[in-house]
Amino acid sequence: MGLFFSGWLFFAIIIIFLGLKHPPPLNDISKIGIKRQMVGALALVILVTSFTPVPMFTVAPDYSVDVSVQGANNTTAYPGEMVYFTLNVNNTGNTDIDITMSVVEVPSGWGAIIYQNDHGIENATNTLRYTLTYGENSTVIVRIVISDSAAPSYRDLNLEYQTQGLVDQIALTVHVL
């Protein structure tokens, strides 16, 4: 924030052109009444209590998100089985975000779908897109179908997620027995 506001330059220029001199009152013999003095004091109190050195400023949008795997990010399975990973997605920014999630580096013959837990598997897709409002969190399920012909090995699949300006990945490891 700070104490400098460029809008004050406009008022400084007006003061320079108009000057600080004020014409004398038309009747300087009569005194100001007590009611008008009280109104003037009240106006001064309101000015002092409501004045801000920087009246307006813009907060830059923060599109950050925290994605974490519930439990471990690795699991063990046999060929032909399905494994599930549950992810917590939390909007840690200061605005609503549009988030896109997809599983990349899926081995040949394997399958991967993603869906929000509260929307059910019937809405599962390869690429999940949804809006996460400010301060909200959601649960996302990743289902991986292992190929019937998968050889015993450790396979890393990456869940890629992106928002406006942020791209990141989480490794999901499947140990095929």
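The structure under discussion appears in the preceding block.
Residues numbered from 1 in each chain as written. Predicted model: local features only at pLDDT ≥ 70, side-chain atom pairs only at ≥ 80, totals over all residues. Heavy atoms only, no water.

Peer 1: Describe the nonpolar core, listing the residues and the values that go with them.
Peer 2: By size, the foremost hydrophobic cluster in this structure holds 30 residues, and its most contacted members are V89, M101 and V142. Looking at this core, the elements with two or more residues in it are strand 1 (65–69), strand 3 (82–91), strand 4 (97–104), strand 5 (111–116), strand 6 (127–132), strand 7 (137–145), strand 8 (153–163) and strand 9 (166–176). Apart from the residues lying within four places of it in its own chain, the contact partners of V142 are V83, Y84, F85, L87, V103, I113, I114, L159 and L172. (Core = buried A, V, L, I, M, F, W, Y, C linked by side-chain atoms within 4.5 Å. Buried < 20%, exposed > 50% of the residue type's maximum accessible area, 1.4 Å probe, protein only. Helix = DSSP H or I, 4+ residues; strand = E, 2+ residues; numbered from the N terminus. Contact = heavy atoms within 4.5 Å.)

Peer 1: Could you give me a rundown of helix 1 (residues 7–18), with the residues and numbers involved?
Peer 2: Under the 1.5 Å per step criterion, the end-to-end length of helix 1 is 18 Å for 12 residues, consistent within 8% with the ideal 16 Å. Trailing helix 1 by a residue or two, G19 shows a phi angle of about 85 degrees, which is positive. (Expected span 1.5 Å × (residues − 1).)

Peer 1: Which residues make up the sheet that holds strand 2 (residues 74–77), and what values do they have?
Peer 2: Spatially, five strands are ordered 2-9-8-4-6 in an open sheet, and the strand pairing comes out mixed. The open sheet has two free edges, formed respectively by strand 2 and strand 6, since each of these has just one partner strand. Strand-to-strand, the axes of this sheet are offset by a mean angle of 25 degrees, without reference to chain direction. Across four bridges, the pairing between strand 2 and strand 9 is parallel. Considered in strand 9, the bridge of A77 is made with V176. (Pairing = 2+ DSSP bridges. Axes fitted to C-alpha atoms, helices over the stretch in contact; angles between N-to-C directions.)

Peer 1: Give me the lowdown on unusual backbone geometry, citing residues and values where you can.
Peer 2: Positive phi values are uncommon outside glycine, yet E105 reaches one of about 60 degrees. Residue position: E105 is located in the loop between strand 4 and strand 5.

Peer 1: Residue-level account of the environment of D156, with values.
Peer 2: Tracing the backbone through its elements, the reader meets D156 in strand 8. Along the backbone, D156 and P55 are 101 residues apart, and their C-alpha atoms lie at a distance of 52 Å. Once residues lying within four places of it in the same chain are set aside, the contact partners of D156 are E105, L172 and T173. A distance of 2.6 Å separates polar atoms of two side chains, one belonging to D156 and the other to T173. (Polar contact = N/O pair within 3.5 Å; in protein donor to acceptor, adjacent residues only side chain to side chain.)

Peer 1: Quick one: what's the story with the packing of aromatic side chains, residue by residue and with numbers?
Peer 2: The geometry of an aromatic ring pair comes down to the distance between the two centres and the angle between the two planes. Considering all chains together, one arrives at three aromatic pairs under this definition. Every member of this aromatic cluster is reached through a ring pair, and the members are W8, F10, F11 and F51. Cation over ring: R155 sits above W110, and NZ or CZ is 5.9 Å from the ring centre. (Phe/Tyr/Trp six-rings, centres within 6.5 Å; stacked < 30°, edge-to-face > 60°. Lys NZ or Arg CZ within 6 Å of the ring centre and 35° of its normal.)

Peer 1: Account for a nonpolar patch on the surface, with residues named and values stated.
Peer 2: On the surface, a cluster of nonpolar side chains totalling about 1,200 Å² of accessible area is made up of W8, F10, F11, I13, I14, F17, L18, L44, L47, V48 and F51. Those elements giving two or more residues to the nonpolar patch turn out to be helix 1 and helix 2 (34–50). If you tally residues by element for the nonpolar patch, the top one is helix 1, at seven residues. With respect to the helices and strands, the residue L44 is situated in helix 2. (Patch = residues over 30% accessible without salt bridge, like charges linked within 9 Å, V, L, I, M, F, W, Y side chains within 5 Å. Areas by Shrake-Rupley, 256 points an atom, 1.4 Å probe, with all protein chains shown as cover. Salt bridge = Lys/Arg side-chain N within 4 Å of Asp/Glu carboxyl O.)

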